[in-house]
Amino acid sequence: MSMLSQNFPTSKVRREESDIDAKGKRRKMEEEEKQRESDQVDMKKLENLLFGSLYHPVTFGDEEAVLFHVDRSAARETPGEERDQSEGIRKGEAAWEDEEEKQININIATVNRLRKLRKEENEGLISGYEYIARLRAHHAKLNPGTDWARLDSSDDDILRTNEDLVVKSGGNKLCSGLLEYTQLMDANAADPSNDPINSVHFHQNAQLLLTAGLDRRLRFFQIDGKRNVKIQSIFLEDCPIHKAAFLPNGSQVIVSGRRNFFYSFDLENAKFDRIGPLVGREEKSLEYFEVSQDSKTIAFVGNEGYILLVSTKTKELIGTLKMNGSVRSLAFSDDGKKLLSSGGDGQVYVWDLRTMKCLYKGVDEGSTCGTSLCSSLNGKFFASGTERGIVNIYKTSEFVGGKRKPIKTVDNLTSQIDFMKFNHDAQILGIVSKMNKNSVKLVHVPSLTVFSNWPPPERNMHNPRCLDFSPGSGFMAMGNADGKVLLYQLKHYKNA
């Protein structure tokens, strides 16, 4: 009896411990299930964002959600035809209105030269909209002979017949000198990084932006300029990220670091694959790469002047190219059939990827070591940056044809050029140097001049590291060493 009485408490304690363990396991399983459901919801949002827009093109008519709208009226218009009032702007109406004019108030009583605009003796504050209207009326009163400048002039059709003055939709000319822009909420404000940002890249649908850096996280944001909602964050335990990029067709993300392997993220199946080491190669780092515009080939910077070509479909090595010196930078042609490379010998190589041979190589003027290359999407231009901070802009056809003289040398930066990017219509070239604060320049390509108001005066952009333009150039994103992705609206462009 004493034995039973002694064993009873022990067995009771064991049963209680067993119940606690079972509850803990159930709670853990429930938490894991909730996490899986949450991940599935996130991935569903990501898939809908990525692939839904391919069948339902993004438009910008919702004022609550976006900043831009698509105006296709110019494409329908032909010279000499009056546009229907229901399709466009009625004759005599302003073509564009600044919403800020309605919000600003101006005191015309306190400034001597503005008092003449008063309609009543004691009048003071008027709206910006009213101020503009009174200025125009005052000008018309002082200059009664400017009939040709009035909106209802019957001679205004003459402008529509000159293609140099009026460019059809899709070919609007960007003015040089001052760049019109607005700084928006940081693209990664919902989840900033504690480490430098090494990559920013817009998806082809213009709404999705990826950011990546040394904190080993690949983040996706839905960009509207107002909320910039975070869609997903993926942690790579064994790879601080040096570069990440969407394939141009939007199906995958390629991620690399200072490792002998790289990652491929299949967006459609939400699947990560680790690829490498590449068969037959001894590279310890695959951190620098470029993807062809046809989404078929990835080119990695290899050792001792080798360029490694990898298929995006099989993820296998399909060929190598060999420079005389070390290779530092790569850029594909617009059709994906040619590859440009530069590096330690100060020359630019042009490779034919169909024959795997060098078509042409020429000295990059003033360069002892090339550090950055980029090619325009229309194939007309390429730019080469050097360790001395010099950027040469070439016409591709002239360079391949034997003319080695750049059409422009940009020497506004004094430290090594680390990153360059043309926007979609090759009217802007962004140039970045990581070494110094605010070391970023934007070049107006048609005039071959630098925008004088960029970088923004009196604003600390820290050390910029990378930038990207959205597919329609309505947005420009720039990652810096402070872990932020600065976001700007370029007002000349109406499409994101």
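Preceding this paragraph is the structure being described.
Residues numbered from 1 in each chain as written. Predicted model: local features only at pLDDT ≥ 70, side-chain atom pairs only at ≥ 80, totals over all residues. Heavy atoms only, no water.

## Some points on the overall build of the chain
To be explicit about the condition: Helix numbers and strand numbers start at the N terminus; a helix is a DSSP run of H or I with at least 4 residues, a strand a run of E with at least 2. The cut-offs for exposure are 20% and 50% of the maximum accessible area for each residue type, with area from a 1.4 Å probe on protein chains only; residues under the lower value are buried, those over the upper are exposed, and the others partly exposed. Any pair of residues with heavy atoms lying within 4.5 Å of one another is described as a contacting pair. Accessible surface is estimated by sampling points in the Shrake-Rupley manner with a 1.4 Å probe; for residues, cover comes only from the protein chains shown.
A count of helical and extended segments in the chain gives five helices and 30 strands. Relative to its 496 residues, the chain shows a buried fraction of 42%. Nonlocal contacts in the chain, meaning residues at least 24 apart in sequence, comprise 48% of its contacts between residues at least 6 apart. Taken as a whole, the chain presents about 27,400 Å² of accessible surface, with 48% of it coming from carbon and sulfur.

## Considerations on the packing of aromatic side chains
Just so we agree on the cut-off: Pairs were defined over the aromatic rings of Phe, Tyr and Trp, the Trp ring being its six-membered one, requiring ring centres within 6.5 Å. Orientation was assigned from the angle between planes: stacked under 30 degrees, edge-to-face over 60, tilted for the rest. Lysine NZ or arginine CZ positioned within 6 Å of the ring centre and within 35 degrees of the ring normal marks a charge as sitting over the ring.
Within this structure, the stated rule accounts for 16 aromatic pairs. A centroid spacing of 6.5 Å and a plane angle of 5 degrees characterise the contact between Phe 202 and Phe 475, whose relative ring orientation is stacked. With a gap of 273 residues between them, Phe 202 in strand S4 (residues 197-202) and Phe 475 in strand S29 (residues 475-480) connect regions that are remote in the sequence. For the pair Phe 202 and Phe 475, a shared accessibility class is recorded, and that class is buried. Centre to centre, the rings of Phe 265 and Phe 272 are 4.7 Å apart; their planes meet at 10 degrees, and the pair counts as stacked. In textbook terms, an aromatic cluster arises when at least three aromatic residues are bridged by ring pairs, as seen for Phe 220, Phe 246, Phe 261, Tyr 263, Phe 265 and Phe 272. Positioned over the ring face of Phe 289 is Lys 243, at 5.0 Å from the centre of the ring. A cation sits over an aromatic face here: Arg 274 above Phe 261, 3.7 Å from the ring centre.

## Structural notes on the pattern of salt bridges
Side chains carrying opposite charge are able to pair once their charged atoms draw close together. This is how it is decided: The working definition used for a salt bridge is a side-chain nitrogen of Lys or Arg within 4 Å of a carboxyl oxygen of Asp or Glu.
Scanning the entire structure with this criterion turns up 15 salt bridges. Its salt-bridge partner being Glu 130, residue Arg 134 comes within 2.8 Å of it at the nearest N-O pair. Taken together, the residues span about one helical turn, with Arg 134 and Glu 130 both in helix H4 (residues 128-142) at a distance of four residues. The closest approach of N and O atoms between Lys 421 and Asp 468, which form a salt bridge, is 2.4 Å. Highlighted residues: Lys 421 in strand S24 (residues 419-422) and Asp 468 in strand S28 (residues 464-469), separated in sequence by 47 residues. Residue Lys 421 is classed as partly exposed on the basis of its relative accessible area of 26%.

## A look at the pairing of strand S14 (residues 306-311)
Every other side chain in a regular strand lies on the same face of the sheet, so the side chains alternate between the two faces. Defined as follows: Two strands are said to pair when DSSP picks up at least two bridges between them.
With five of six residues buried, S14 is to be regarded as a mostly interior element. Direction of pairing for strand S13 (residues 297-301) relative to S14: antiparallel, over a ladder of five bridges. Note that in S14 the partner of Ile 298 across the bridge is Val 310. Hairpin connection from S13 to S14: four residues lie between these consecutive antiparallel strands, with Glu 304 at a positive phi of about 50 degrees.

## Side note on the sheet that holds strand S9 (residues 252-256)
As a reminder of what qualifies: Here, axes are lines fitted to C-alpha atoms. For helices the fit covers the stretch in contact, and angles between N-to-C directions go from 0 to 180 degrees.
The four strands lie next to each other as S8-S9-S10-S11, forming an open sheet whose pairing is antiparallel. Either end of the sheet is taken by a strand with one partner, and the two such strands are strand S8 (243-246) and strand S11 (271-275). Averaged over all neighbouring strand pairs, the angle between strand axes comes to 20 degrees, with direction disregarded. Two elements, strand S10 (residues 262-266) and S11, share five bridges in a ladder whose sense is antiparallel. Its bridge partner lying in S11, Asp 266 is registered against Lys 271.

## Quick word on the sheet that holds S24
The antiparallel open sheet is built from four strands, whose spatial order is S24-S25-S26-S27. Every interior strand has two partners, whereas the edge strands, S24 and strand S27 (449-450), have only one.

## Structural notes on the pairing of strand S30 (residues 485-490)
S30 sits mainly inside the fold: six of its six residues count as buried. Residues Val 485, Leu 487 and Gln 489 point to one face of S30 and Leu 486, Tyr 488 and Leu 490 to the other, with burial holding for every one of them. As defined by bridge partners, strand S3 (residues 181-183) adjoins S30 across three bridges and the pair is classed as antiparallel. Bridge pairing in S30 links Gln 183 to Tyr 488. Sheet topology places S29 next to S30; five bridges connect them, and they run antiparallel. Each bridged residue has a counterpart across the sheet, and for Phe 475 the counterpart in S30 is Gln 489.

## Let's talk about the environment of Arg 134
Under the relative-accessibility criterion, Arg 134 is labelled buried at 10%. Separated by 15 residues in sequence, Arg 134 and Lys 119 place their C-alpha atoms 9.7 Å apart. When near neighbours in sequence (up to four residues on either side) are disregarded, Arg 134 contacts Ile 108, Leu 117, Arg 118, Lys 119, Glu 123 and Ile 126.

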